[in-house]
Amino acid sequence: MEHAKNTCLFAELGMIDYATGVSIQKKLAQARSDQYIPDTVLSLEHNHTYTLGKRGTYSDILVSNIFLEELGVSIFQSERGGQVTYHGPGQIVIYPIIDVRPIGGPVKYVRLLEQLIIHTLNDFGVHGERKPGLTGVWVGDAKIAAIGLKISRGISTHGFALNVNTDLSYFDHIIPCGDSQLRHTSMAELTGTNIHQSDVSSNIIKNFSNMFGRCMEKAHQQLFDMTHI
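Residues numbered from 1 in each chain as written. Predicted model: local features only at pLDDT ≥ 70, side-chain atom pairs only at ≥ 80, totals over all residues. Heavy atoms only, no water.

**As for the nonpolar core**
Nonpolar side chains tend to gather and get buried jointly when the protein is soluble and globular.
Argument step 1. Grouped together as the largest cluster of nonpolar side chains are 34 residues, with contacts concentrated most on Phe160 and Leu162.
Argument step 2. For this core, the secondary structure elements donating two or more residues are strand S1 (7-16), strand S6 (91-99), helix H3 (106-123), strand S7 (137-139), strand S8 (142-152), strand S9 (155-163) and helix H5 (197-212).
Argument step 3. Among the elements that make up this core, the one with the highest residue count is H3 (8 residues).
Argument step 4. Non-local contacts of Leu162, meaning those with residues more than four positions away in its chain, are made with Gly90, Gln91, Ile92, Ile117, Leu121, Ile144, Ala145, Met187, Val200 and Ile204. (Core = buried A, V, L, I, M, F, W, Y, C linked by side-chain atoms within 4.5 Å. Buried < 20%, exposed > 50% of the residue type's maximum accessible area, 1.4 Å probe, protein only. Helix = DSSP H or I, 4+ residues; strand = E, 2+ residues; numbered from the N terminus. Contact = heavy atoms within 4.5 Å.)

**Topic: the environment of His196**
Argument step 1. Within the fold, His196 resides in the loop between helix H4 (187-191) and H5.
Argument step 2. Taking relative accessible area as the criterion, His196 reaches 52% and is therefore assigned exposed.
Argument step 3. Sequence spacing of His196 and Gly136 is 60 residues, and the spatial spacing of their C-alpha atoms is 22 Å.

**Concerning the sheet that holds strand S3 (residues 49-52)**
Argument step 1. In space, the 3 strands of this open sheet follow the order S4-S3-S5, with mixed pairing throughout. Both outer strands of the open sheet, strand S4 (74-77) and strand S5 (84-87), are each paired with one neighbouring strand and no more. Adjacent strand axes in the sheet meet at a mean angle of 25° when their direction is disregarded.
Argument step 2. This element, helix H1 (residues 18-33), spans S3, S4 and S5 of the sheet and lies at about 30° to S4. (Pairing = 2+ DSSP bridges. Axes fitted to C-alpha atoms, helices over the stretch in contact; angles between N-to-C directions.)

What follows is the structure in structure tokens.
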């Protein structure tokens, strides 16, 4: 399939489990590495899941497996960087499957993702900011978005999670990002309104287009058929 050089595909996948999300990313990353598809951005939600990054340990999960079963939470050992975090309904997860080399490499890419989140929050009247020496986006002393990546042969998978209407109580059962004092917030908590996930997702795609200089093109089922997803 031929695409213009600055084309970036995007797909809004709705609610999918974490393992399926990983499988989709791996197949798309291989297709991107083989130059079979252009850069691609996935927007989705996950079921209740605690994920352990490369530096995560089970001791950072503070409740028993029986409690997790009752709560309906799965645990997944992830290939992304970082420690333990939570994914769940009301949280937008963005997985850009992109070649980071033309944009300056991993560090610059992370800073661009942070700025993308900050721009998106501003669109909804929320003032996000970085914290020196840390990765992610905060509002005051509370974290609102986490970033965790895996980069292989220049192709990035995983991405960031932004708390929109998230049930923040799920963070109480873990030591998120290895910091027992870390507090989380959400767009809903800060604005006092129930924000539509689709509106936030649309703004993220728009801001991604502007920041990365890409022409966003909605991915059709053909993309997933070609990559046998």
